[in-house]
Amino acid sequence: MNIHEKYISRCIELGKLGIGNTYPNPSVGCCLVVDDKIIGEGYTSIAGGNHAEVNAINSVENKSLIKDSTIYVTLEPCCHYGKTPPCVDKIIASGIKAVVIGIKDPNPLVCGKGIEKLKENGVEVISGVLKNECIEHHKRFLSYIINKRPYIILKWAESADGFIAPKEKDINEPYWISNIKSRQLVHKWRSEEQAILVGAKTIREDDPRLTTRDWEGENCDIYILSKNGVQKDYKIFKQDSKVTMLDSQEIDYDKDIVKQICDKLYSDKILSIIVEGGTKTLLNFIDSGVWDEMRVFKTKEKLGDGIKGPEIKHKSSKKFDIGDNKLEYYLNKGVTFSNI
């Protein structure tokens, strides 16, 4: 690993600290380096707050060192006015003479213009450092900008014989197939993503809360796929989650449902979503090929009968043991951002 990779790697670590709190902005990481020492670092604030570059520059105690520093950042600095001024202007005004970038910003408002402005003002720019790692880090933002839809994660738990729920269970209560550690991990995932999508049957039969109660972080927005809507006496309506009903007024159920869902989420500026069930809702995305990750918990318990989980026709990319559960990840290899 060379020196540029070393500090872009640190920027990715910093950017991870903001995931879940910066939407609809990407969670960028940034650091300033002089003589192989970090003198300042930062990551993106909540929407409307400072971007990573400004936070990193502002964190430097000895301001006289800034002009001699190289600034590292996971994503091309912005060059347009939004809720905050352009980051390139802050970099130029600070006297910084070298910028190292992970990936270019595909947002048409930036898309190389930030790099161009830096160069026009005498700043040396190096880009494409740890490109694949930065693409992975910014996958939510990239999906939103390039694919015009959120990054889509399909998640479920199934028994050893492939069922996601028994044939009979208590109404208004979830049947827990996964163990407590797996469920806590799901709450962590919810803290990182912007929204959750479930079908009406899941709401009616399980009455879930869909919160981050076992992990620190904000609750996701909740979208319910239901042709006729659901009554407002379920738990999700009695907490601080924003709930949107995708009923027949929002979705034409005789046409491509997934395309319409993605268009609605895009218009709502949703960068990432976890589809949590049930089987019919999950299969809508699997059958359409419009998804990015599957995260599947598998248990040793057999149910013998019940509601079948989706059939997986892909090879897992990685597996983890979580107590007596096994977590398997699947990636949609048909979706790439290699043209960045």
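What you are looking at is a predicted structure, and each value in this text was computed from that prediction instead of being measured.

Q: Would you mind going over a positive patch on the surface with me for this structure?
A: A cluster of basic side chains, namely Arg209, Arg213, Lys235 and Lys238, defines a positive patch on the protein surface. Looking at the element boundaries, Lys235 is found in the loop between strand S9 (221-225) and strand S10 (243-246). The exposure class of Lys235 is partly exposed, given its relative accessible area of 30%.

Q: I tried to follow the sheet that holds strand S3 (residues 70-75) on my own but got confused; where do I start?
A: Pairing between sheet strands relies on hydrogen bonds along the backbone, with the strands arranged either parallel or antiparallel. Taken together, the five strands give an open sheet; going across it, the order is S2-S1-S3-S4-S5, and neighbouring strands pair in mixed fashion. Of all the strands in the sheet, the pair left with one neighbour each is strand S2 (37-43) and strand S5 (124-127). Averaged over neighbouring strand pairs, the angle between their axes works out to 20° when direction is ignored. Contacts between helix H4 (residues 113-120) and the sheet are confined to strand S4 (98-103) and S5, with S5 contributing the most and set at about 150° to the helix.

Q: I keep staring at helix H10 (residues 279-288) and nothing clicks. Help me out?
A: Residues that lie three or four places apart on an α-helix share one face, since the helix turns once every 3.6 residues. All of the buried residues along H10 are Thr279, Thr281, Leu282, Phe285 and Ile286. The buried residues of H10 occupy an angular sector of 165° when the element is viewed end-on, so they sit on one face. Residues Lys280 and Asp287 are exposed on H10 and point more than 90 degrees away from its buried face. Phi turns positive, to about 80°, at Gly289, one or two residues after H10.

Q: Mind showing me how you'd approach helix H9 (residues 257-267) here?
A: Along H9, the residues classified as buried are Ile257, Val258, Gln260, Ile261, Cys262, Lys264 and Leu265. Between the side-chain oxygen at the start of H9 and the backbone nitrogen of Val258 there is a gap of 3.2 Å, and the oxygen is on Asp256. Just beyond H9, the residue with positive phi is Lys269, at close to 60°.

Q: How should the side chain of Asn332 be read in this particular structure?
A: With respect to the helices, strands and loops of the structure, Asn332 is situated in the segment after strand S15 (325-331). Separated by 3.0 Å, the side chain of Asn332 and the backbone oxygen of Gly289 make a polar contact. Contact partners of Asn332, with chain neighbours within four places excluded, come to Gly289, Trp291 and Asp292.

Q: Got a minute to help me understand the sheet that holds S9 in this structure?
A: A sheet is described by the order of its strands in space; here eight strands give the open sequence S10-S9-S8-S11-S6-S12-S15-S14, paired in mixed fashion. Looking along the sheet, the strands with just one partner apiece sit at the ends: S10 and strand S14 (318-322). Strand-to-strand twist of the sheet, defined as the mean angle between neighbouring strand axes without regard to direction, takes the value 20°.

Q: Looking at this model, I keep getting lost on the nonpolar core. Mind explaining?
A: The nonpolar side chains of a soluble globular protein tend to be buried with one another. Of all hydrophobic cores here, the largest spans 47 residues; its most connected members are Ile8, Leu32, Ile71, Tyr72 and Val99. Take this core: its biggest share by element is five residues, from helix H1 (residues 3-16). Excluding its chain neighbours within four sequence positions, the residues that come into contact with Ile71 are Cys30, Cys31, Leu32, Glu53, Ile57, Ile91, Ile96, Ala98, Val99 and Val100. Ranked by size, the runner-up nonpolar core spans 27 residues in total, among them Leu154, Tyr223, Val258 and Val296.

Q: Explain the environment of Gly309 here, please?
A: Within the secondary structure layout, Gly309 lies in the loop between strand S13 (307-308) and S14. Here Gly309 falls in the buried class, since its relative accessible area comes to 14%. Measuring from C-alpha to C-alpha, the distance between Gly309 and Tyr330 comes to 15 Å, with 21 residues separating the pair along the chain. Not counting chain neighbours up to four residues away, the residues in contact with Gly309 comprise Glu158, Gly162, Phe163, Ile164 and Thr279.

Rules behind the numbers
- Residues numbered from 1 in each chain as written.
- Predicted model: local features only at pLDDT ≥ 70, side-chain atom pairs only at ≥ 80, totals over all residues.
- Heavy atoms only, no water.
- Patch = residues over 30% accessible without salt bridge, like charges linked within 9 Å, V, L, I, M, F, W, Y side chains within 5 Å.
- Areas by Shrake-Rupley, 256 points an atom, 1.4 Å probe, with all protein chains shown as cover.
- Salt bridge = Lys/Arg side-chain N within 4 Å of Asp/Glu carboxyl O.
- Lys, Arg positive; Asp, Glu negative; His and termini not counted.
- Charge placed at Lys NZ, Arg CZ, Asp CG, Glu CD.
- Helix = DSSP H or I, 4+ residues; strand = E, 2+ residues; numbered from the N terminus.
- Buried < 20%, exposed > 50% of the residue type's maximum accessible area, 1.4 Å probe, protein only.
- Pairing = 2+ DSSP bridges.
- Axes fitted to C-alpha atoms, helices over the stretch in contact; angles between N-to-C directions.
- Contact = heavy atoms within 4.5 Å.
- Arc of directions from axis to C-beta.
- Polar contact = N/O pair within 3.5 Å; in protein donor to acceptor, adjacent residues only side chain to side chain.
- Core = buried A, V, L, I, M, F, W, Y, C linked by side-chain atoms within 4.5 Å.

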